[in-house]
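Survey of secondary and tertiary structure
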Amino acid sequence: MSDPLPPSRIDARVLGVRADDGHHFELITRVPDGAHAHLLWLPALGVAARHYVPFAEALAARGVAVYLHEWRGNGSSSVRASRHNDWGYRELLQHDIPASEAAIRAATGAGPDTYGGHSLGGQLATCRLALRVQAGEDPATVARALWLVASGAPYWRAFPRPTRYWLPMAYRFLPWLAHRRGALPGRAIGFGGDEARGVITDWARTAITGRYAAPGIDADIEAGMAKLTLPVRAVLPKDDWLAPRSSIDFLLSKFGPGERDVRVLDSETLRAPADHFSWMRQPSGIAALLTNVVL
């Protein structure tokens, strides 16, 4: 599944992106000759886009043009979370991701036809598609496919025992800590990066209620998800307690009818520990699985 493919010319660029509220960042691209898909990839919480370059190159070798989005507050982002600088899902979904979409349209003449993400990135890719549908786009053509890796809803009831018993306490503590400190000191506590308190509050709201919504977003994200019928491919590392099978099943239960393919991979198949992040260092197996199944 992960055997190397014949070399192909891959155009490696960095595009400057500016959101309509002034935030700016870089969009890392890997575009092969004759690309048959254009993927907008959203990182996990606190992970800079540059860490997905090996994954992007593995996909590009298989004919997929990849555009690595940068989360506000990470990597090349022009801002950092602090007591005086805050944002939430509204800024990520209604300012930053649309800016990356516009940059891709400007570079290629068309927007991304495939969306995907790791962990929180997969959730927000789903939310972005739902918002586009709620804005009037055709659910059948909003994208060709959605790819999820180590991703699932954080809803506490969607986790197996005994994890579900202590999660609500964590979901209340992390927003409290973020508000107390002005931003979540994620690198110090080993969860995410140094995250805006608004992002952590919005994430925790979904984790406690099981519903996607955020202040400043008037559209019904859940209603938009229910209209999504695009093919979904999800890959889960077997030992990833942060995104167990039950969490992706809960997320996909929000969708309308459509093709769903969920694969659980062990460490032998991944050629890396089957946890939340190790696959990023050996991404060729997941890249091959996604492209072979979907395209």
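Above this text is the structure in question.
Keep in mind the model is a prediction, meaning the values are calculated, not measured.

Structural notes on the nonpolar core
Ranked by size, the top nonpolar core spans 67 residues in total, and within it Tyr 89, Leu 124 and Leu 146 carry the most contacts. For this core, the element with the highest residue contribution is helix H3 (residues 120-134), accounting for 8 residues. If we ignore the near neighbours within four places in the chain, the residues touching Leu 124 are Leu 42, Trp 71, Tyr 89, Leu 92, Leu 93 and Ile 97. Counting residues in each nonpolar core, the second largest holds 30 residues, with Val 66, Val 149, Leu 270 and Ile 286 among its members.

A short note on the packing of aromatic side chains
Following the criterion strictly, the structure yields 9 aromatic pairs and no others. When the centroid spacing of 6.3 Å and the interplanar angle of 45° are considered together, the rings of Tyr 52 and Trp 279 count as tilted. Pair noted here: Tyr 52 is in the loop between strand E3 (37-42) and helix H1 (53-60) and Trp 279 is in the loop between helix H9 (267-270) and helix H10 (284-294), with a separation of 227 residues, a long-range link. Each ring, one from Phe 55 and one from Trp 279, has its centre 5.2 Å from the other, and the planes form 85°; the classification is edge-to-face. A residue pair is termed long-range when its members are at least 10 positions apart, and Phe 55 in helix H1 and Trp 279 in the loop between H9 and H10 qualify at 224 residues. Given a relative accessible area of 1%, Phe 55 falls into the buried group.

Re the packing of helix H2 (residues 89-108) against H3
Running from N to C, H2 and H3 point in directions that differ by 80°, and their axes come no closer than 10 Å. Regarding the angle of H2 to H3, the classification is roughly perpendicular. Where H2 abuts H3, its residues Tyr 89, Leu 92, Leu 93, Ile 97, Pro 98 and Glu 101 lie against Leu 120, Leu 124, Cys 127, Arg 128, Leu 131 and Arg 132. For the contact of H2 with H3, the per-class residue count stands at 9 nonpolar, no polar and 3 charged.

A short note on the pattern of salt bridges
Counted according to the given criterion, the structure contains 18 salt bridges. For Glu 222, the salt bridge is made with Lys 254, and the minimal N-O distance between the two is 3.0 Å. One end of the pair, Glu 222, is in helix H7 (residues 221-226); the other, Lys 254, is in the loop between helix H8 (245-252) and strand E10 (260-265), with 32 residues separating them in the sequence. Both residues of the pair, Glu 222 and Lys 254, count as buried. The residue Glu 259 makes a salt bridge to Arg 233 at a minimum N-O spacing of 1.5 Å. On the criterion of sequence distance, the pair formed by Glu 259 in the loop between H8 and E10 and Arg 233 in strand E9 (residues 232-237) is long-range, its members being 26 residues apart. Note on Arg 233: relative accessible area 4%, which makes it buried. Connected through shared salt-bridge partners, Glu 101, Arg 128, Arg 132 and Glu 137 make up one network.

Here is what the cut-offs are and how they apply
Residue numbers restart at each chain and count upward from 1, following the sequence in its written direction. The predicted origin of the model limits local features to residues at a pLDDT of at least 70 and limits the giving and counting of side-chain atom pairs to 80 or more, whereas totals for whole chains, interfaces and linings rest on all residues. Where side-chain values are given, they derive from all heavy atoms of the structure, hydrogens and water being excluded. Residues belong to a common nonpolar core when they are buried Ala, Val, Leu, Ile, Met, Phe, Trp, Tyr or Cys residues joined through side-chain atoms within 4.5 Å. Under the scheme applied here, a residue whose accessible area is under 20% of the maximum for its type counts as buried, over 50% as exposed, and between as partly exposed, the area being computed with a 1.4 Å probe on protein chains only. Each helix is a run of H or I in the DSSP string that is no shorter than four residues. Each strand is a run of E no shorter than two, and both are numbered from the N terminus. Whether two residues are in contact is decided by their heavy atoms, any of which lying within 4.5 Å being enough. Side-chain rings of Phe, Tyr and Trp, where Trp is taken by its six-membered ring, are said to pair if the distance between their centres is within 6.5 Å; with planes under 30 degrees apart they count as stacked, over 60 as edge-to-face, and otherwise as tilted. Here an angle of 0 to 180 degrees is reported between the N-to-C directions of two axes, which are lines fitted to C-alpha atoms, with helices fitted over the stretch in contact. Put simply, angles under 35 degrees are roughly parallel, angles over 145 are roughly antiparallel, angles from 65 to 115 are roughly perpendicular, and the rest are oblique. In this classification, the charged set is Asp, Glu, Lys and Arg, the nonpolar set is Ala, Val, Leu, Ile, Met, Phe, Trp, Tyr, Cys and Pro, and all remaining amino acids, among them Gly, are polar. Salt bridges are counted wherever a side-chain nitrogen of Lys or Arg sits within 4 Å of a carboxyl oxygen of Asp or Glu.

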